[in-house]
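As a plain string of letters, each chain reads:
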Amino acid sequence: MAYSTLLIEKGVARLTLNRPEVHNAFDDSLIAELNAHLDELHALANAGDVRVVVLGSEGKSFSAGADLNWMKRMVDYDLENNLADSRKLSALMYGLDTLPCPTVCRVQGAAFGGAVGLAACCDLVIASDKAKFCLSEVKIGLSPAVISPYVQRALGERQMRRYALTAEVMDAPTAMALGLAHQVVEHDALDGAVDAMLDTLLGGSPQAQRATKALLASVAQAPDSDATREHTCQVISKLRVSQEGQEGLASFFEKRRPAWTQPSGLQEPNTAAEPRS
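The following paragraphs examine the structure supplied in this document. (Residues numbered from 1 in each chain as written. Predicted model: local features only at pLDDT ≥ 70, side-chain atom pairs only at ≥ 80, totals over all residues. Heavy atoms only, no water.)

1. A closer look at the overall build of the chain
Turning to step 1, where the next piece is worked out: Each helix and strand counted, the chain has 11 helices and nine strands in total.
Turning to step 2, where the next piece is worked out: In summary, the chain has a C-alpha radius of gyration of 20 Å against a globular reference of 19 Å for 277 residues, a match within 12%.
Turning to step 3, where the next piece is worked out: Expressed as lengths along the three principal axes of its C-alpha atoms, the size of the chain is roughly 60 × 45 × 35 Å.
Turning to step 4, where the next piece is worked out: Out of the 277 residues in the chain, the part that is buried amounts to 43%.
Turning to step 5, where the next piece is worked out: When contacts within the chain are restricted to residue pairs at least 6 apart in sequence, those whose partners lie at least 24 apart make up 69%.
Turning to step 6, where the next piece is worked out: Carbon and sulfur atoms make up 55% of the accessible area of the chain, which totals about 14,400 Å².
Turning to step 7, where the next piece is worked out: Treating the 26 positive side-chain charges of the chain as one cloud and the 34 negative ones as another, the clouds have centres 4 Å apart. (Helix = DSSP H or I, 4+ residues; strand = E, 2+ residues; numbered from the N terminus. Rg over C-alpha atoms; globule rule 2.2 N^0.38 Å. Buried < 20%, exposed > 50% of the residue type's maximum accessible area, 1.4 Å probe, protein only. Contact = heavy atoms within 4.5 Å. Areas by Shrake-Rupley, 256 points an atom, 1.4 Å probe, with all protein chains shown as cover. Lys, Arg positive; Asp, Glu negative; His and termini not counted. Charge placed at Lys NZ, Arg CZ, Asp CG, Glu CD.)

Next comes the structure, spelled out in structure tokens:
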């Protein structure tokens with residue numbers, strides 16, 4: 001049985017957790033499927049065939065975290081088996097976080113444990129007013145270890161300490177106030193809000209979005225250094241002379257829509273910043 005689905009249409013990839021009977025809980029099979037899907041999406045996004053990825057799930061809950069049957073099996077795992085499992089989950093978070101194209105997380109209900117990590121790894125989180133978030137691990141003697149770099153980046157260190165140590169449940173407005181979610185809408189308006197965000201993202205230059213996402217990740221590592229400052233100059237200069245950069249400027253001055261918003265798109269090799277000849 002497939003625990004997740006991947007549907008790609010008109011440059012939008014929808015990656016959907018599909019275990020509603022267990023509230024889309026994680027187990028080793030789901031993690032393996034998601035890692036395989038992410039490998040495919042990395043290749044498609046780098047080629048420009050996927051513009052935006054929407055991560056969502058079926059049913060009432062976004063994801064309840066770890067699957068109970070998986071956790072029962074873990075009780076008998078030795079250290080090496082636990083390390084192997086943890087590294088696969090780590091690969092999932094890293095793969096989602098580093099997708100070259102924009103990512104949108106659609107949260108319709110409870111997001112507990114590792115599911116908070118999935119949300120934190122996405123560029124944009126749109127949540128229903130019924131959504132709830134919880135770093136629940138300490139309640140069962142564990143830690144949000146693998147997801148901590150991504151969730152702490154979203155919440156900040158002070159708030160991360162509170163919610164990781166208390167396992168308090170955050171409602172959707174609290175998650176937005178703390179920076180984990182970007183938008184909260186009424187439950188029935190969730191899909192409309194996601195579609196509106198897709199329209200907004202698809203209006204941007206695919207090449208510029210890939211370059212900007214990579215740039216921001218780089219700047220976060222060393223925001224104030226000679227190397228970072230030079231890198232920022234290189235990125236904008238190469239974009240200005242690229243085919244998409246030239247098209248973007250031309251369309252602005254000519255008061256028309258840029259070619260990448262048209263059905264035929266703009267054909268350009270995926271070199272993110274190759275200068276014109």
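2. Describing the sheet that holds strand β9 (residues 183-185)
Turning to step 1, where the next piece is worked out: Pairing in this open sheet of six strands is mixed, and the strands run β1-β2-β3-β4-β6-β9 from one edge to the other. Looking at which strands have only one partner, the edges of the open sheet turn out to be β1 (4-9) and β9. Geometrically, the sheet is characterised by an average inter-axis angle of 20° between neighbouring strands, direction not taken into account.
Turning to step 2, where the next piece is worked out: In this structure, strand β3 (residues 52-57) lies alongside strand β4 (residues 103-107), joined through three bridges in parallel fashion. Looking at β4, one finds that L55 is bridged to C105. (Pairing = 2+ DSSP bridges. Axes fitted to C-alpha atoms, helices over the stretch in contact; angles between N-to-C directions.)

3. Quick look at the side chain of R106
Turning to step 1, where the next piece is worked out: Its location among the elements puts R106 in strand β4.
Turning to step 2, where the next piece is worked out: With relative accessibility at 19%, the residue R106 sits in the buried group.
Turning to step 3, where the next piece is worked out: Of note is the side chain of R106, whose polar atom sits 2.7 Å from the side chain of D191.
Turning to step 4, where the next piece is worked out: Excluding anything up to four places from it in sequence, R106 contacts L55, G56, S57, F62, I126, L190, D191 and V194. (Polar contact = N/O pair within 3.5 Å; in protein donor to acceptor, adjacent residues only side chain to side chain.)

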